[in-house]
Amino acid sequence: MRDGSSRPQPEPSSWTLALRHFLERRLPLAHLLPDRQPYYVGSWVYVFGVVAIAGFIWVIGSGVVLALFGPQWWHQSGVGRFVNSLHLWSVQVFFVFMVLHLWGQYFMAGWRDGRAKTWMVGVVIFAISIVAAFTGFISQQNFDGQWIAVNAKDATNAAGIGSFFNVLNFGQMYGLHIVLLPALVGTLVAAHILLVRMHGVVRPIEPKRTAQPSDEESAS
Amino acid sequence: MTAADPQDKYYAGIRMIRYDLVKELVLALVAVSVLVMGLSVVLSSPDDPAVTIQTWATKAPVDFVTTATSELSGQSGTAQYGPPYNNTADAAQAVGPIEPQTWAGVGIPIDPAQDFVLRPLGFAAVGNPTLTTALATYGAAGADQQQTWLTNYTTALADATVADNQVTVASGDYGPVPDLMTGLLGLARTGALDGLLLNSGNLYQTDFTRPLLFMGDGEYLSGLAADQHLTGDQWGMMNETGQYPGQTWLWLFSFWYQIPPFNTAANTDLLVIILMIALTALLALVPFIPILRDIPRWIPVYRLIWRRYYRDR
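Thresholds, definitions, all that
- Residues numbered from 1 in each chain as written.
- Chains lettered and ligands numbered in written order.
- Predicted model: local features only at pLDDT ≥ 70, side-chain atom pairs only at ≥ 80, totals over all residues.
- Heavy atoms only, no water.
- Helix = DSSP H or I, 4+ residues; strand = E, 2+ residues; numbered from the N terminus.
- Buried < 20%, exposed > 50% of the residue type's maximum accessible area, 1.4 Å probe, protein only.
- Contact = heavy atoms within 4.5 Å.
- Areas by Shrake-Rupley, 256 points an atom, 1.4 Å probe, with all protein chains shown as cover.
- Domains from an automatic or database assignment.
- Patch = residues over 30% accessible without salt bridge, like charges linked within 9 Å, V, L, I, M, F, W, Y side chains within 5 Å.
- Salt bridge = Lys/Arg side-chain N within 4 Å of Asp/Glu carboxyl O.
- Buried area = accessible area lost by both parts, 1.4 Å probe.
- Polar contact = N/O pair within 3.5 Å; in protein donor to acceptor, adjacent residues only side chain to side chain.
- Nonpolar A, V, L, I, M, F, W, Y, C, P; charged D, E, K, R; others polar.
- Pairing = 2+ DSSP bridges.
- Phe/Tyr/Trp six-rings, centres within 6.5 Å; stacked < 30°, edge-to-face > 60°.
- Core = buried A, V, L, I, M, F, W, Y, C linked by side-chain atoms within 4.5 Å.
- Axes fitted to C-alpha atoms, helices over the stretch in contact; angles between N-to-C directions.
- Parallel < 35°, antiparallel > 145°, perpendicular 65-115°, else oblique.
- Expected span 1.5 Å × (residues − 1).

(A) Expanded view of the overall build of chain B. When you go through chain B residue by residue, the secondary structure sums to 17 helices and 3 strands. In chain B, buried positions account for 42% of the 313 residues. Considering only contacts in chain B between residues 6 or more positions apart, those separated by 24 or more positions represent 55%. When the accessible surface of chain B is split by element, carbon and sulfur atoms take 61% of a total near 16,000 Å².

Okay, structure coming up:
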């Protein structure tokens, strides 16, 4: 005779519960905001990524102010010019440290032990950031922006995308620069950080282990 | 973290230390704030004014008229460009069977003679009998006659002089072309041509394709760019006006434009685009490509980065 009352009742299944359980399992708060790290995380190389994020925060903040006052503002106002300068230099900082972070991770073979996705998302962030910066340089409304557009059209036209990514169309480039591309970069940066936290930092290269994602699922 | 936590398993045997990620981010933010504000205060940012058609016609009237004549004769860069502006035969870049420029077709149709010269002159001709007559004469002439006038005028422009804001050439068989060009130059000098080329029929104008293509066909804009080291053969895509850093991250993209076979090819842009797409894909797929993924082991930069770890083992 079966005694159902002594058995734990299974939770009803739902997409919401499945998502909650997945997040609890894959990304507990202790992983998202850890207070301990392996002791080898004591190199300046680990700082490059964080500084790149700090640069990105400045890029977005200064960009929001520039967008708020409109594309003409920084040409006519001293304050606007200063905010534009903040935007320019934070973009430079963002790229410098993103490239340092990328090369640091390359020489650490940071894709090992199930971290290939993290590496690939990082490369995509780099590529899309280049397009985002490119549309920004075109949107400057000065001689540099004007010439870059005239010069760059040959490459986009040769690639067959000139009709729907028209670098001579200020409205299109400005819209892409202030909305779609930053949203995409921001989303991917968030995904990149989540992947880093889900897996934790990679272990140092062991002389007898290969620098390949052969044990892909070991840390997943 | 639980005993079954995969990170616990991964870091088994590794000493863990206190590490404040939030504090690290805040300190990085403070450092970047100081750096960015300091650079902005000390160095500011470049803002060389854009060139308008009005500026071009005022500063370089002979180049303006020469370019406008080439638009009318169908000899300009835009007239000969191919897709996406027109269907000029054999103008599109291709690498073997890869012809994305041709595949995409004419998405932004441009008729330089009509769009850059004749249609704007139609507006200017209202109340201007000389221009009205010149346009009527030009339109009534056959294509061969038009080309004869335009060829003669183009040749004469090589020795043109400028006096009283007018471009003057030696006497010759030019038909109504000098009157057309005088009208267009006057229209450009007032700034009206900037507006006419921008007009799309909608209330707000944001598409600068026509005025920029027209200016790009002349030598004035590219001459200014060359003075600022901005042209393609000067690593221009990664430069900025003045001494400011531009898109320095495009150094590899710009590099290919400086060396053979790229800089001597007729399809340079497509070759560089294909190469850069391939290199970007390689970079993204490094974890799966033997040799590329093994280089970090062969060049032991990692021993410097993790020197404490290797020293303590």
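(B) Here's a closer look at the overall build of chain A. Helices and strands together make up the secondary structure of chain A, namely 8 helices and 1 strand. Secondary structure elements of chain A occur, N-terminal to C-terminal, as α-α-β-α-α-α-α-α-α. Counting only contacts in chain A whose residues sit at least 6 apart along the sequence, the fraction spanning at least 24 positions is 74%.

(C) Region of interest: the domain arrangement of chain B. Assigned domains within chain B: domain 1 (5-43), domain 2 (53-220) and domain 3 (249-312). The straight-line distance from the C-alpha centre of domain 1 of chain B to that of domain 3 of chain B is 27 Å.

(D) Focus on a nonpolar patch on the surface. There is a patch of nonpolar side chains on the surface, built from L29, L32, L33 and L194 of chain A together with V22, V26, V30 and V34 of chain B and spanning about 710 Å² of accessible area. Within the residue set of the nonpolar patch, elements represented by two or more residues are α2 (29-32) of chain A together with α2 (21-43) of chain B. In terms of residue count, the dominant contributor to the nonpolar patch is α2 of chain B (4 residues). Mapped onto the fold, L32 of chain A is located in helix α2.

(E) Structural context of the interface of chain A and chain B. Residue-level contacts link 99 residues of chain A with 103 residues of chain B. Surface buried jointly by chain A and chain B totals about 9,000 Å² across both partners, of which 65% is contributed by carbon and sulfur atoms. Its largest share of buried area at the contact with chain B, chain A owes to Y39, W89 and F143 of chain A, together 11% of the area lost on that side. Connecting chain A to chain B are 1 salt bridge. A salt bridge links D35 of chain A to R18 of chain B, with the shortest nitrogen-to-oxygen separation between them at 3.8 Å. The tally of links from chain A across to chain B stands at 37 residue pairs in polar contact (both at pLDDT 80 or more). Of all the elements in the fold, those that place two or more residues in the side of chain A that touches chain B are α2, β1 (36-38), α3 (45-69), α4 (73-76), α5 (78-107), α6 (116-138), α7 (143-158) and α8 (170-199) of chain A. If you tally residues by element for the side of chain A that touches chain B, the top one is α5 of chain A, at 16 residues. Classifying every residue of the side of chain A that touches chain B gives 58 nonpolar, 28 polar and 13 charged. Judged from the 3 bridges that link them, β1 of chain A and strand β1 (residues 16-18) of chain B form a sheet pairing that is antiparallel.

(F) Examining the packing of aromatic side chains more closely. What the rule picks out here adds up to 32 aromatic pairs over all chains. Summarising the aromatic geometry, the rings of Y10 of chain B and Y11 of chain B are spaced 5.2 Å apart at their centres and angled 65° between planes, so their arrangement reads as edge-to-face. The same class applies to Y10 of chain B as to Y11 of chain B, namely buried. Through a chain of ring-to-ring contacts, the aromatic side chains of Y39 and Y40 of chain A together with Y302, W306, Y309 and Y310 of chain B assemble into a single cluster.

(G) Representation of unusual backbone geometry in the model. Going from P83 of chain B to P84 of chain B, the amide bond is cis rather than trans, its omega being 10°. Here P84 of chain B shows up in the loop between α4 (61-73) and α5 (100-104). Backbone torsion omega between P260 of chain B and P261 of chain B reads 0°, so that peptide bond is classified as cis. Residue placement: P261 of chain B occurs in the loop between α13 (251-256) and α14 (268-284). In this structure, D113 of chain A is a non-glycine residue whose phi angle is positive, near 55°. Looking at the element boundaries, D113 of chain A is found in the loop between α5 and α6. Residue D113 of chain A is classed as buried on the basis of its relative accessible area, which comes to 2%. Residue Q141 of chain A is not a glycine yet carries a positive backbone phi of 60°.

(H) Region of interest: the nonpolar core. In this structure, F64 and W306 of chain B are the most contacted members of the largest nonpolar core, which totals 135 residues. Other than its neighbours up to four places away in sequence, F64 of chain B contacts I53, W56, A57, L184, L185, A188, L193 and F214 of chain B.

(I) Seen up close, the packing of helix α7 (residues 129-140) of chain B against helix α8 (residues 143-157) of chain B. Residues and elements named next belong to chain B. The interhelical angle for the contact between α7 and α8, taken along N-to-C directions, is 120°, at an axis separation of 8 Å. Comparing their axes, α8 and α7 come out oblique. Contact with α7, carried on its side by T137, Y138 and G139, involves Q146, W149 and L150 of α8 and no other residues of that element. Residues that form the contact of α7 with α8 fall into these classes: 3 nonpolar, 3 polar and no charged.

(J) Local environment of the pattern of salt bridges. Residues and elements named next belong to chain B. For the coordinates displayed, the defined rule picks out 6 salt bridges over all chains. In this structure, the salt-bridge partner of D115 is R119, at a minimum N-O distance of 2.6 Å. Of the two residues, D115 and R119 are both situated in helix α6 (residues 112-124); the distance of 4 residues between them amounts to about one turn of the helix. Taken together, the shared-partner salt bridges in this structure form one network comprising D115, R119 and R210.

(K) Representation of α4 of chain B in the model. Residues and elements named next belong to chain B. The terminal C-alpha atoms of α4 lie 18 Å apart, and with 13 residues this matches the ideal 18 Å at 1.5 Å per residue to within 8%. In terms of burial, α4 is a largely internal element, 11 of the 13 residues being buried. Buried within α4 are the following residues: P61, D63, F64, V65, T67, A68, T69, S70, E71, L72 and S73. The positive-phi residue at the C-terminal boundary of α4 is G74, with phi of around 80°.

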